[in-house]
Amino acid sequence: MGIEDYNISEENMPVHIAIIMDGNGRWAKQRRKPRLFGHNAGMKALHNTVHLASDMGIKILTVYAFSTENWKRSQEEVDGLMRIAVEYFMKEIAELHRNHVQVRIIGEKSRLPKDVQKSADNAESLTKDNDGLILNVALNYGGRDEIVHAVREIMEEGTAPGDVTEEMISAHLYTRDLPDPDIMIRTGGESRLSNFLLWQNAYTEFFFDDIWWPDFDDDAFYKLIEAYQQRNRRFGTA
Ligand code: FPP
């Protein structure tokens, strides 16, 4: 099915979509394959989603690729995910650049392996002036960690406690110049936030889908936009 088979209006498109790409491990297990096989398939689903979002004129996509808690996974899986990150930044970057995508990393980059930092820096600097889709890749990202960092910076700037505002905190997050997500979707059947964009998701519409991330395709994406457009957003008003 194509986009014309869905009840999607161009008027009410989300600007910013955040995704928790969950279910790679179970997708692989079902196929009696190692977990990394699932993460590789997840990278392909990401490739497709970035294309689609970009084609549909979505402005910002923020994806959770590696959390501050993911270091607790086996060394083999951590190493594999880091390899996939490098591969993503090296192999996809030319095409992303061609499609005017601007790549940004959100998270504590300094703790990542040097080759990941290097390929990520390279992807960011090559695409920094692009005016298409902004792709935030969350790597070693934690929502609480991000807020702690913001508060530290504000204090270091000598701000008096009574002068601290919500806008000031927003302006010290990794997403400082971007609007908050309209949609937060988590695939893989779990209904939790797992420390993702804690501050930014205050008024976001949440969607939880049973589909495993490697199976997330065009139809799943269109279905999501359609469901979003049926929601009535009130931002705290009556
Ligand atoms: C969660 O599924 C997924 C991750 C921790 C990694 C997500 C990574 C990708 C989609 C690959 C693209 C990555 C980069 C760096 C660009 P899970 O392993 O928790 O799945 P499970 O819950 O079924 O075990």
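Residues numbered from 1 in each chain as written. Predicted model: local features only at pLDDT ≥ 70, side-chain atom pairs only at ≥ 80, totals over all residues. Heavy atoms only, no water.

If you look the chain up in an unreviewed UniProt entry, it shows as Isoprenyl transferase from Eubacterium callanderi. Taken verbatim from the UniProt record of the chain, the Subunit (unreviewed entry) comment is "Homodimer." UniProt lists a comment for the chain under the heading Function (unreviewed entry), and it reads "Catalyzes the condensation of isopentenyl diphosphate (IPP) with allylic pyrophosphates generating different type of terpenoids." (UniProt positions renumbered as here; feature names shortened; annotations may be inferred.)

Q: Would you take a moment to explain the site of the ligand for this structure?
A: Near the ligand you find 19 residues, and of these Asp22, Gly25, Arg26, Arg35 and Arg73 are the closest. One of the side-chain nitrogen or oxygen atoms of Asp22 is found 3.0 Å away from an oxygen atom of the ligand. Those elements giving two or more residues to the shell around the ligand turn out to be α1 (24–30), α2 (35–55) and α3 (75–91). Here the element with the most residues in the shell around the ligand is α2; it accounts for five residues. The class makeup of the residues in the shell around the ligand is nine nonpolar, six polar and four charged. (Near = heavy atom within 4 Å. Polar contact = N/O pair within 3.5 Å; in protein donor to acceptor, adjacent residues only side chain to side chain. Helix = DSSP H or I, 4+ residues; strand = E, 2+ residues; numbered from the N terminus. Nonpolar A, V, L, I, M, F, W, Y, C, P; charged D, E, K, R; others polar.)

Q: What is the right way to look at the pairing of strand β6 (residues 205–208) in this model?
A: Moving residue by residue along a regular strand, the side chains alternate between the two faces of the sheet. The alternating pattern of β6 places Glu205 and Phe207 on a buried face and Phe206 and Phe208 on a face that is not buried. Pairing of strand β5 (residues 183–186) with β6, which is carried by four bridges, proceeds in the parallel orientation. Opposite Ile185, over in β6, you have Phe207 as the bridge partner. (Buried < 20%, exposed > 50% of the residue type's maximum accessible area, 1.4 Å probe, protein only. Pairing = 2+ DSSP bridges.)

Q: When you look at the sheet that holds strand β1 (residues 16–20) in this model, what are you seeing that I'm missing?
A: Two pairing modes exist for strands in a sheet, parallel and antiparallel, and in both the strands are linked by backbone hydrogen bonds. In space, the six strands of this open sheet follow the order β3-β4-β2-β1-β5-β6, with parallel pairing throughout. The sheet is open, and its two borders are formed by β3 (102–106) and β6, each paired with just one other strand. Across the sheet, the mean angle separating the axes of adjacent strands is 20 degrees when strand polarity is ignored. Pairing between strand β2 (residues 60–67) and strand β4 (residues 134–141): seven bridges, direction parallel. Directly across from Tyr64, in β4, lies its bridge partner Ala138. Taken strand by strand, helix α5 (residues 114–127) contacts β3 and β4, and its axis lies near 140 degrees from that of β3. (Axes fitted to C-alpha atoms, helices over the stretch in contact; angles between N-to-C directions. Contact = heavy atoms within 4.5 Å.)

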